[in-house]
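Take a look at the letters that make up each chain.
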Amino acid sequence: MACIIAAPSSSSGKTLLSVILSAWAKNNQLNLQPFKVGPDYLDSQLLTAVSQRFCRNLDLILCKEKWVNETFYKYGGLADLTLIEGVMGLFDGIGSTSKGSTADIAKQLQLPIILTINAQGQAASLAPLVKGFRDQDPSLEIAGVVLNHVNTERHKLLLQEVLNSIDVNFLGSLPTSNELKLPNRHLGLIPAQEIENLEERIGSWQQIANDNLDISMFRKLLKAPQRIETSIDLTK
């Protein structure tokens, strides 16, 4: 029932994985409802442009638990697939706490987490990194890992062996590629309308998803939640 795209830190590939999955869904005539943790608007713009469904923000600090629950189940339940892109690192919240973090949203909505990791220059060191995030909070479910910046078959196989050794699902990898570079500015991503040849890039992204991700598993993990009736006005 839907999943959360999270990471150990910013710039690990959360947005990249989220837009690639959105592009894959669009090109397979599947409606995917995206959400974004926190008040961010630039990632939300891009997810909206790719999915063609307005990306909704989920913020436990600004909007509280009831609003987050109602927003997720009402809008998520209108689509075929649903994903939530996290913010910063999985446990990063207010100050040195995890309050309002991606992990907080995962616990509030009881959703599994896909951990996106920049694996450049790593092999065996991947194990303690993933184990640390998996074991930090036993109430969280790490459904699997997607590895970013994996450029050779040998590197991918080594990383798969590492994940197998700690019983964590490998859900795919992404190469370093110009097609996967998302232009940035001082606030983060540039606005979606400034990305050149976006429609062409969406086509490339969906092919990259087919070639590099475990699509059969993502079909299950992204399955939309059952819609519930709430007080939220769907016309807004």
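Residues numbered from 1 in each chain as written. Predicted model: local features only at pLDDT ≥ 70, side-chain atom pairs only at ≥ 80, totals over all residues. Heavy atoms only, no water.

Draft legend 1. A look at the nonpolar core. If you look at the biggest cluster of nonpolar residues, it comprises 40 residues, and the most contacted ones within it are Ile20, Leu46, Ile114, Trp205 and Leu213. At the level of elements, β1 (3–6), α1 (14–27), α2 (42–51), β4 (81–85), β6 (142–148), β7 (170–174), α7 (198–212) and α8 (215–221) are the ones that each hand at least two residues to this core. A total of eight residues in this core trace back to one element, the largest contributor, which is α1. Once residues within four sequence positions are removed from consideration, Leu213 is found in contact with Leu17, Ile20, Leu21, Val146, Leu171, Gly172, Ser173, Leu174, Ile208 and Phe218. (Core = buried A, V, L, I, M, F, W, Y, C linked by side-chain atoms within 4.5 Å. Buried < 20%, exposed > 50% of the residue type's maximum accessible area, 1.4 Å probe, protein only. Helix = DSSP H or I, 4+ residues; strand = E, 2+ residues; numbered from the N terminus. Contact = heavy atoms within 4.5 Å.)

Draft legend 2. Representation of the sheet that holds strand β2 (residues 32–37) in the model. Pairing is parallel across the open sheet formed by seven strands, whose spatial order is β3-β2-β4-β1-β5-β6-β7. Only two strands of the sheet have a single neighbouring strand rather than two, namely β3 (56–58) and β7. The average undirected angle you get between the axes of adjacent strands in this sheet is 25°. As paired strands, strand β5 (residues 113–118) and β6 are joined by six bridges and run parallel to one another. (Pairing = 2+ DSSP bridges. Axes fitted to C-alpha atoms, helices over the stretch in contact; angles between N-to-C directions.)

Draft legend 3. Molecular detail of the pattern of salt bridges. One pass over the full model with this rule turns up seven salt bridges. For the salt bridge of Lys36 with Glu85, the shortest nitrogen-to-oxygen distance reads 3.0 Å. Of this pair, Lys36 sits in strand β2 while Glu85 sits in strand β4; the two residues are 49 residues apart in sequence, bridging distant segments of the chain. A relative accessible area of 3% places Lys36 in the buried class. (Salt bridge = Lys/Arg side-chain N within 4 Å of Asp/Glu carboxyl O.)

Draft legend 4. Inspection of the pairing of β6 at higher detail. Here β6 lies mainly inside the structure; seven of its seven residues are buried. Of the crossover connections in this fold, the one passing from β5 over helix α5 (residues 126–136) to the parallel β6 is right-handed. In the sheet, β6 pairs with β7 via three bridges, with the strands oriented parallel. Looking at β7, one finds that Val145 is bridged to Phe170. (Right-handed = clockwise from strand over helix to strand, strands pointing away.)

Draft legend 5. Representation of the layout of surface pockets in the model. Roughly 600 Å³ of volume is contained in the largest pocket. Along the wall of the largest pocket there are 26 residues; nearest its centre are Ser11, Gly13, Thr15, Asn184 and Leu189. Of all the secondary structure elements, the ones that give two or more residues to the lining of the largest pocket are α1 and β9 (188–189). In terms of residue count, the dominant contributor to the lining of the largest pocket is α1 (three residues). Looking at the lining of the largest pocket residue by residue, the classes come out as eight nonpolar, 12 polar and six charged. Approximately 170 Å³ is the volume attributed to the second largest pocket. Across the lining of the second largest pocket, the residue classes break down as six nonpolar, four polar and four charged. (1 Å grid on protein atoms, 1.4 Å probe; cavity = no way out; pocket = protein on both sides within 12 Å on 5 of 7 lines; lining within 4 Å. Points joined across faces, edges and corners; volume = space filled by probe spheres on them. Nonpolar A, V, L, I, M, F, W, Y, C, P; charged D, E, K, R; others polar.)

That's the geometry; what it means functionally is another story.
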